[in-house]
Amino acid sequence: MVTRLHDEIPDDVNPWFRVVSLIEKAGHLLGLNEGLIKRIVTPERILEVALPIRMDAGPVEMFTGWRIQHNTARGPGKGGIRFHPSVNVDEIAALSADMSIKCAVVNIPYGGAKGGVKVDPSGLSRSELERLTRRYAFAIAPMIGPDRDIPAPDINTDPQVMSWIMDTVSMITGHSTPGVVTGKPLAIGGTLGHAGATSLGVTICTVALLNRLGRSPEGERVVIQGYGKVGSPLIKLLSERGMKVVGLADVHGAIHVPEGIDHEKMSLHFEQARSILGYPGGEEIRADELFALPSDIAIPAALGGVITEKVAQTMSATVVVEAANGPTTGEGAAILTSRNIPVVPDVLANAGGVVASYFEWAQDLQGFMWEGELFKQRLEKTMHDAFDAIWLRHEQLDLALRDTALVVGVERIAEATELRGLFP
Ligand code: GLU
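Definitions and limits used
- Residues numbered from 1 in each chain as written.
- Predicted model: local features only at pLDDT ≥ 70, side-chain atom pairs only at ≥ 80, totals over all residues.
- Heavy atoms only, no water.
- Core = buried A, V, L, I, M, F, W, Y, C linked by side-chain atoms within 4.5 Å.
- Buried < 20%, exposed > 50% of the residue type's maximum accessible area, 1.4 Å probe, protein only.
- Helix = DSSP H or I, 4+ residues; strand = E, 2+ residues; numbered from the N terminus.
- Contact = heavy atoms within 4.5 Å.
- Expected span 1.5 Å × (residues − 1).
- Axes fitted to C-alpha atoms, helices over the stretch in contact; angles between N-to-C directions.
- Parallel < 35°, antiparallel > 145°, perpendicular 65-115°, else oblique.
- Left-handed = near helix turned anticlockwise from the far one by under 90°.
- Nonpolar A, V, L, I, M, F, W, Y, C, P; charged D, E, K, R; others polar.
- Pairing = 2+ DSSP bridges.

1. Brief notes about the nonpolar core
Consideration 1: Core analysis: the largest hydrophobic core is formed by 90 residues, its most contacted members being I23, I224, L248, I255, I261, I299 and V344.
Consideration 2: The element contributing the most residues to this core is helix α3 (residues 89-105), with 10 residues.
Consideration 3: Residues within four places of I255 in sequence aside, it is in contact with V246, G247, L248, I261, M266, I276, L277, Y279, E283, E284, I285 and L293.
Consideration 4: Formed by 24 residues, the second largest nonpolar core is a distinct cluster that contains L51, I81, A137 and I140.

Written out as structure tokens, the structure reads:
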């Protein structure tokens, strides 16, 4: 029953197949009928768009983009937009399904969606990036809207990109439409707490897991893969709670810092070097050695598919918290389970970002902005409640945290689907 979307990707590394098999497994555990499982698995809408962009040098180049609404039984589609050379329809479909599960796991009234453009944005000028963003926004405009599908930042997209999307949609509708995207700058309907919200959620889940395992965060050694929107605030948040980040990787390479990375020193260094390499006191290591460094907690916070069977076999950490989307392959997950390494899955661990998006969207729809403290309190409560609910269910069902989160997510989507019935 697995639908093949993109023929070139082998089945064993296809992210869409990974998600489908997880949802099917959860559906079977819940005893759902095959028809309902099929409905939950299958993306509702897949839009592929061709994007002709005039480059600064004069010629026109073609790019391809997608927006996929996976499931909208629980509410409008929600999910980020990524700009990356490896983007393809299977990856976006998998990520859109992850968003359906994620929103259900943290119990916010959204379905799941995702978008992306196959492009290396580091090779574009600012005006090329703006033209590409606006053309993409125009092309997917029939599908998005505050009550239909609400994009947000993801890999290589930021508040500026969200501003261009918001403006393009506002030009089409003829009125300001702040609720069409989240993760906007403050000046146009964004919220104080959005930046760093994913990292805060990851931190809450890390501490909550350690507590449940009877461990104190104090002195725990962490390795983080990624020094972007999620990885960089994490160093500060984890250090504030007594943990030390002893290993870090970015696109340029990896470093080992046994005494722990100082977040301020790293951010000053990064500002100048545009790379984590060369951090004072950091020993350069091969990027593929990161997860084998002596450590207690591993946090992948970059691309998907990085914790493979081999990485899982040599991982030193005894817990994993998935800040990235889909960082663990099916084989990698099986090895971690066999090694009794608990994993807080992406759909729970990194949900702080979409919870923050929900609060931003609610404020935009109401035209009433909250104070910063209320935002933080509600975010923390939502993440704590979600973690506790998944932990309790994991103990009742005696299932891994990932499978438990999938079961809870699929159960909630199934309930909404059944209640709404079948049209026509
Ligand atoms: N891109 C983030 C994620 O994968 C946030 C999505 C959103 O806020 O809609 O969860």
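2. Describing helix α12 (residues 352-366)
Consideration 1: Its 15 residues give α12 an end-to-end C-alpha distance of 21 Å, which sits within 8% of 21 Å, the value for a rise of 1.5 Å per residue.
Consideration 2: Burial analysis of α12 places 11 of its 15 residues in the buried class, the great majority of the element.
Consideration 3: Listed as buried for α12 are G352, G353, V354, V355, A356, S357, F359, E360, W361, Q363 and D364.
Consideration 4: Contact partners of the buried residues in α12: β3 (77-84), α3, β5 (149-153), α6 (197-212) and α13 (372-397).

3. Points about the packing of α6 against α13
Consideration 1: The interhelical angle for the contact between α6 and α13, taken along N-to-C directions, is 40°, at an axis separation of 10 Å. When the interaxial angle is binned, α6 and α13 end up oblique. For the pair α6 and α13, the sense of crossing is right-handed. Between α6, through A197, L200, G201, I204, C205, A208, L209 and R212, and α13, the contact on the second element is made entirely by K376, L379, E380, M383, H384, F387, D388 and W391.
Consideration 2: For the contact of α6 with α13, the residue count by class is 10 nonpolar, 2 polar and 4 charged.

4. Focus on the sheet that holds strand β8 (residues 253-256)
Consideration 1: An order of β9-β8-β7-β6-β10-β11-β12 is seen for the 7 strands of this open sheet, with the pairing classed as mixed. Two strands in the sheet have a free side with no partner beyond their single neighbour: β9 (283-285) and β12 (343-344).
Consideration 2: By the bridge criterion, 2 bridges tie strand β11 (residues 319-321) to β12 in an arrangement that is parallel. Within β12, the position partnered with V320 by the bridge is V343.
Consideration 3: Each of β6 (221-225), β7 (244-250) and β10 (297-300) touches helix α7 (residues 231-240); the most contacted strand, β6, lies at about 170° to it.

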